[in-house]
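Coordinates in review
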Amino acid sequence: MNQFINIDIYMKNIDEKEKKLIDTLQKLKDINIRDNKEIDKVNILKNQKNQLEIEKDQIIKSLQGLEEENLKLKSQLKELKKDYEISKRKENVNVYRDLLNVDDVFHPDDAQGENNSWHTFVIQVDRRDELKDYLMQRGIETAIHYPVPIHLQPAARDLGYAKGDFPVTEQQSKRILTLPIHQYLTKEQLKKVSTWAN
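Residues numbered from 1 in each chain as written. Predicted model: local features only at pLDDT ≥ 70, side-chain atom pairs only at ≥ 80, totals over all residues. Heavy atoms only, no water.

Secondary structure summary: the protein contains five helices and two strands in total. Along the chain direction, N to C, the helices and strands of the protein fall in the order α-α-β-α-α-β-α. For the protein, buried positions account for 26% of its 198 residues. Of all intrachain contacts in the protein linking residues separated by at least 6 positions in sequence, the fraction that spans at least 24 positions is 69%. Accessible surface computed for the protein: about 14,800 Å², of which carbon and sulfur atoms make up 52%. (Helix = DSSP H or I, 4+ residues; strand = E, 2+ residues; numbered from the N terminus. Buried < 20%, exposed > 50% of the residue type's maximum accessible area, 1.4 Å probe, protein only. Contact = heavy atoms within 4.5 Å. Areas by Shrake-Rupley, 256 points an atom, 1.4 Å probe, with all protein chains shown as cover.)

And the structure:
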């Protein structure tokens, strides 16, 4: 931060010097130049003004380069954070898979070649609503994604499907429950959820 303040002060000084030089040059133009000393003085001032303009351009280019580098670094940091979050959620999925009783709690395996980000972890249980209430009483918030199958949603009405057209989907919609999976969960919290879900 101090580096940028110093640059701002430096740029302000350059602007002030440039203004003084321009004022002096203007005054000298108004004076009738009679000898070589005055001509030399004008030329020196012009050279100083040109040098200041070059320095100013270099500083502006340097600041633009710093800004571009800053944007690249922010983008890389965002990607690293996203990668970390997905990696942590994958770890959480593996903890659930190790601890959930597969006889009572169904959870799908990864398909071959699949790279799931695990923004949700959906299980299937026979007494879904009871489990949802049980977990809520213990401070564990869950969700149902989605209680009404897609083919029965108002947006799909024009497709002409009716209840019973997709019996497996309809059965699953009564069994699905989304457990907490976010990257901030501790192993201890995952163990508690798993124990209570079993």
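The discussion continues.
Moving on, we come to the packing of aromatic side chains. Per the counting criterion, the structure on display carries three aromatic pairs. Plain terms: the ring middles of Trp118 and Phe121 are 5.8 Å apart, the flat faces sit at 50 degrees to each other, and that makes the pair tilted. In terms of burial, Trp118 and Phe121 fall into one category: buried. Judged by centre distance (5.0 Å) and plane angle (65 degrees), the rings of Tyr161 and Phe166 are edge-to-face. Given the relative accessible area of 40%, Tyr161 is considered partly exposed. Connected via pairs of aromatic rings, a cluster forms that spans Tyr96, Trp118 and Phe121. Taking NZ or CZ as reference, Arg138 lies 3.6 Å from the ring centre of Tyr134, over its face. (Phe/Tyr/Trp six-rings, centres within 6.5 Å; stacked < 30°, edge-to-face > 60°. Lys NZ or Arg CZ within 6 Å of the ring centre and 35° of its normal.)

The next point concerns the nonpolar core. Counting residues in hydrophobic clusters, the biggest one holds 19 residues, and the most contacted among them are Tyr96, Leu100, Phe121, Ile123, Leu131 and Leu179. Among the elements of the structure, α2 (36-99), β1 (121-124), α3 (128-137), β2 (176-179) and α5 (187-197) are those that each provide at least two residues to this core. Beyond its immediate sequence surroundings of up to four residues, Leu131 is in contact with Ile123, Val125, Leu177, Trp196 and Ala197. Core analysis: the next-biggest nonpolar cluster, separate from the first, contains five residues, Ile14, Leu21, Leu45 and Leu52 among them. (Core = buried A, V, L, I, M, F, W, Y, C linked by side-chain atoms within 4.5 Å.)

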